[in-house]
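What the coordinates show
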There are 2 protein chains.
Amino acid sequence: MSLIVVGSVAYDGVETPHGKVDRMLGGAATYISLAAAYFTPVKLVGIVGEDFDSEDVELLASRQIDLEGLERVPGKTFFWAGVYSADMNDRTTLRTDLNVFADFNPVLPESYRPAPYLLLGNIQPALQRSVKAQMPGLKLAGGDTMNYWIRDYRGELLETIAEWDFLLINDSEAGQLSGERNLRRAAAKILEMGPRILVIKRGEYGAVLFHGGCHFMAPGYLLEEVFDPTGAGDCFAGGFIGYLAGQGIAPADGRVDLAELRRAVIYGSVMGSFCCEKFGVDRFRTLTREEIDARFREFQSCTAF
Amino acid sequence: MSLIVVGSVAYDGVETPHGKVDRMLGGAATYISLAAAYFTPVKLVGIVGEDFDSEDVELLASRQIDLEGLERVPGKTFFWAGVYSADMNDRTTLRTDLNVFADFNPVLPESYRPAPYLLLGNIQPALQRSVKAQMPGLKLAGGDTMNYWIRDYRGELLETIAEWDFLLINDSEAGQLSGERNLRRAAAKILEMGPRILVIKRGEYGAVLFHGGCHFMAPGYLLEEVFDPTGAGDCFAGGFIGYLAGQGIAPADGRVDLAELRRAVIYGSVMGSFCCEKFGVDRFRTLTREEIDARFREFQSCTAF
């Protein structure tokens, strides 16, 4: 069933130990949409400038991603540049030019509003909230956030996530949001803030799902080579919500089927791992659903005991 | 079946964010033996001074650990002191007094030599090798090492591990030993050095087993409170080899049953997690096999998908 994805569509400049690309398609909504589109129909909401390349439009359109909600306005597309540390576990932002993204105020096309699934990429919490308010028929809604909103927009953020079914967040952000260093205690505090489903991402070490008094630990896929981790967390989110939307999963009595949620976390890990195999979105130019399912099975065979 | 455990028996001074203990029972062989003794009969090889407390002897003896190989000589027992960082992922050594351990030259009692299982704690590689040479009936032998031996005794270490069935090592040591930062490539290089079974420990993030062209990823148990991580890696080793010895596992055509190895890794994680719940060896004063098996099942329920 249809999934609305809201967030940045950008150009990125990225340097990793494996190379350097001055300008390539990026942005959270781009990665989320590309990953989710393997599982379910995606409708993207974002904003780009006049410089947005037709070949990038074509890539998204080739994945049947609905672009009616991708606004094109005078000015330049959001640009971000960063450089990764030698082990790629840290990155330094070199440049952030918000450009047209500074005035992003998402208004959903009429055709988007009845969609049952919503993934809010990391944008200003009040904007995330306004998008959700435009969708009366939601079955499952949630999203991502980041350290900046947790620190400087805490009140707005708490009001926003209180209405979410699920929150995806990385481990350092979970610590910041909860004030707890310990992952289990952090999770318990965050679940009291509203979301009934919490996924704490731990980068190369995998992710932990918390729901209904249980938790599920998924290790990270062991890649032989990480070329570029940019977008991996967003692809995790795309795989996670894409799988749930594709299966038509909805909560009953506040609970979501645990077995399906666990599979969604593994599909998230799978999509995040593929993302790292090439620079930017390049892996998604050739990736097939068969490869995704093969890696899902590989996860099973590498974790069962 | 009988397991020989060789390594340090010590007193530790430890400070963590949860408290400080000036002097408590420690040492790799102590932790390994206490953990392994839940699964199989253990015979300890070590050395202590005249200051070694009778109540510490009694604790070990109460777990049916054979102490014929625990030599007591004039002088003081090995003493180590360290302080942990706030997140307990790093520690600083404050003091290392080798004392009687400086002259440790393990000679196995006759009654120990026919034992089929051997776990060599982190000691000088040539000593590890000499112990193995005293045991003609080994089914499965291996051990641990550390950065110091990898850096300064590389030749000796390579000769030693070339004869081992398994090597247990943490991720940074695996990188140092192999010269590869990537875990899979590091593992491939280390497996070429001799051991057919490799377990790379990743602290709170779990462990990865490599054997026979496959790997198995075990997440770390999520504790609500880590009091003191001292000895956790050794308890992992004790749970791992203790389980295999208890089951009587032996290689056939160079391969060890993968399902049993996976269970051994999970028992290792279980024992490492219990170790962190109290200071030093305190958790083992009350821990029961029933609690261990319950946590093993909890691991299954938190990882299956």
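Our structure is the block above this text.
Our subject in this report is the structure included herewith. Owing to the predicted nature of the structure, the values given are computational and were not obtained by experimental measurement.

Side note on the nonpolar core
- With 111 residues, the main nonpolar core has Phe240 and Met271 of chain A as its most contacted residues.
- Ignoring any residue separated from it by four or fewer positions in sequence, one finds phenylalanine 240 of chain A in contact with Phe166, Leu168, Ile197, Val199, Leu261, Ala264, Val265 and Gly268 of chain A.
- The next biggest cluster of nonpolar side chains, apart from the first, holds 105 residues, and it includes Val9, Tyr221, Ile266 and Val281 of chain B.

Details of the relation of the copies chain A and chain B
- When chain A is fitted to chain B, the best match, at an RMSD of 0.0 Å, comes from turning it 180° and sliding it 0.0 Å along the axis. Overall, the copies show the geometry of a two-fold rotation axis.
- Taken together, the interface assignments show that 100% of the residues at the interface of chain A recur at the interface of chain B, consistent with an identical surface on both copies.

Here we look at the sheet that holds strand E5 (residues 66-72) of chain B
Residue and element names in this part refer to chain B.
- The strand order across the open sheet built from nine strands is E5-E4-E1-E8-E9-E10-E11-E12-E13, with neighbouring strands paired in mixed fashion. If you trace the sheet from one side to the other, it starts and ends with E5 and strand E13 (214-218), each paired once. Ignoring strand direction, the axes of neighbouring strands in this sheet form an average angle of 15°.
- Strand direction decides the pairing type here: strand E10 (residues 166-170) and strand E11 (residues 197-201), joined by five bridges, are parallel. By the bridge assignment, leucine 167 is partnered in E11 with leucine 198.
- On top of the sheet, helix H6 (residues 171-178) reaches E10 and E11; it is set at about 110° to E10, its chief contact.
- Lying on the sheet, helix H7 (residues 183-192) is in contact with E10, E11, strand E12 (207-211) and E13; it crosses E11 at an angle near 145°.

Looking at the packing of H6 of chain B against H7 of chain B
Residue and element names in this part refer to chain B.
- Running from N to C, H6 and H7 point in directions that differ by 60°, and their axes come no closer than 9 Å. As far as their axial angle goes, H7 and H6 are oblique. For the pair H6 and H7, the sense of crossing is left-handed. Contacts between H6 and H7 involve Asp171, Ala174, Leu177 and Ser178 from the first element and Leu183, Ala186, Lys189 and Ile190 from the second.
- Class assignment for the residues of the contact of H6 with H7 results in five nonpolar, one polar and two charged.

With respect to helix H3 (residues 125-133) of chain B
- All buried positions along H3 of chain B are accounted for by Pro125, Leu127, Gln128, Val131 and Lys132 of chain B. The arc enclosing the buried residues of H3 of chain B, seen along the axis, measures out at 160°, which places them on a common side.

Criteria and cut-off values
- Residues numbered from 1 in each chain as written.
- Chains lettered and ligands numbered in written order.
- Predicted model: local features only at pLDDT ≥ 70, side-chain atom pairs only at ≥ 80, totals over all residues.
- Heavy atoms only, no water.
- Core = buried A, V, L, I, M, F, W, Y, C linked by side-chain atoms within 4.5 Å.
- Buried < 20%, exposed > 50% of the residue type's maximum accessible area, 1.4 Å probe, protein only.
- Contact = heavy atoms within 4.5 Å.
- Least-squares fit on C-alpha atoms with pLDDT ≥ 70 in both.
- Pairing = 2+ DSSP bridges.
- Helix = DSSP H or I, 4+ residues; strand = E, 2+ residues; numbered from the N terminus.
- Axes fitted to C-alpha atoms, helices over the stretch in contact; angles between N-to-C directions.
- Parallel < 35°, antiparallel > 145°, perpendicular 65-115°, else oblique.
- Left-handed = near helix turned anticlockwise from the far one by under 90°.
- Nonpolar A, V, L, I, M, F, W, Y, C, P; charged D, E, K, R; others polar.
- Arc of directions from axis to C-beta.

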